[in-house]
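A structural walkthrough
Residues per chain are reported as follows:
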Amino acid sequence: NEVYGVNGLLAEVGEYADKIAKWARKGICRIENNRLVFNTSDPAEVAMYRKELAYELGDIKWFVALNAYLLGYSEEEIAQMNIDKLADRQKRGVIDGNGDHR
């Protein structure tokens, strides 16, 4: 149902953000030039952390798919709608503006 879909999506996005916040607090990673940087030179360790985030993204994607379905759209339709919206905003020079209907 819609409540489960929305709350599940919010929970999973929160888990993704919380994982990064905890790692930053523990010194495992940092944000540098708007990029996530791991504080290790061990490629296997970096791969492990990236895989943990990928698992969370899989959960997020599942809930995005559920919410799209509940609205009567496919994931592809939702993605195309977003591409079209952003292309229109860029064409009109309002890509950096505020609000949904700009």
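Please refer to the structure placed before this passage.
What comes next concerns the included structure. (Residues numbered from 1 in each chain as written. Predicted model: local features only at pLDDT ≥ 70, side-chain atom pairs only at ≥ 80, totals over all residues. Heavy atoms only, no water.)

Here's the deal with helix 3 (residues 75–92)
Across its 18 residues, helix 3 extends 26 Å between first and last C-alpha, which sits within 8% of the 26 Å expected from 1.5 Å per residue. Of the residues one or two after helix 3, Gly 93 is the one with positive phi, at around 75 degrees. (Helix = DSSP H or I, 4+ residues; strand = E, 2+ residues; numbered from the N terminus. Expected span 1.5 Å × (residues − 1).)

A word on the pairing of strand 2 (residues 35–38)
Examined bridge by bridge, strand 1 (residues 29–32) and strand 2 share four bridges and lie antiparallel to one another. The residue of strand 2 that forms the bridge with Arg 30 is Val 37. Between the end of strand 1 and the start of strand 2, which pair antiparallel, lie two residues, with Asn 33 showing a positive phi angle near 55 degrees. (Pairing = 2+ DSSP bridges.)

Considerations on the layout of surface pockets
In this structure, the largest pocket occupies an estimated 190 Å³ of space. Around the largest pocket, the lining residues are Tyr 16, Ile 20, Arg 35, Leu 36, Phe 38, Arg 50, Leu 53, Ala 54 and Leu 57. Counting residues per element, the ones that place at least two in the lining of the largest pocket are helix 1 (2–26), strand 2 and helix 2 (43–71). Considering each element in turn, the lining of the largest pocket owes the most residues, four residues, to helix 2. For the lining of the largest pocket, the class distribution of residues is seven nonpolar, no polar and two charged. Taken as a whole, the second largest pocket holds about 150 Å³ of empty space. Every residue lining the second largest pocket is listed: Glu 2, Leu 9, Val 64, Asn 67, Ala 68, Leu 70, Leu 71 and Ile 78. Broken down by secondary-structure element, the contributors of at least two residues to the lining of the second largest pocket are helix 1 and helix 2. Ranked by the residues each element gives to the lining of the second largest pocket, the list is headed by helix 2, at five residues. (1 Å grid on protein atoms, 1.4 Å probe; cavity = no way out; pocket = protein on both sides within 12 Å on 5 of 7 lines; lining within 4 Å. Points joined across faces, edges and corners; volume = space filled by probe spheres on them. Nonpolar A, V, L, I, M, F, W, Y, C, P; charged D, E, K, R; others polar.)

Brief notes about unusual backbone geometry
One can expect most non-glycine residues to show negative phi and most peptide bonds to be in trans. In the Ramachandran plot, Asn 33 falls in the positive-phi region, its phi being about 55 degrees despite a non-glycine side chain. Structurally, Asn 33 can be placed in the loop between strand 1 and strand 2. A relative accessible area of 71% means that Asn 33 is categorised as exposed. Positive phi, normally seen in glycine, also occurs at Asn 34, with a value near 60 degrees. With respect to the secondary-structure elements, Asn 34 resides in the loop between strand 1 and strand 2. (Buried < 20%, exposed > 50% of the residue type's maximum accessible area, 1.4 Å probe, protein only.)

Examining a nonpolar patch on the surface
Nonpolar side chains collect at one region of the surface, where Leu 71, Tyr 73, Ile 78 and Met 81 lie side by side and expose about 380 Å² of accessible area between them. Met 81 sits in the partly exposed class, given a relative accessible area of 43%. (Patch = residues over 30% accessible without salt bridge, like charges linked within 9 Å, V, L, I, M, F, W, Y side chains within 5 Å. Areas by Shrake-Rupley, 256 points an atom, 1.4 Å probe, with all protein chains shown as cover. Salt bridge = Lys/Arg side-chain N within 4 Å of Asp/Glu carboxyl O.)

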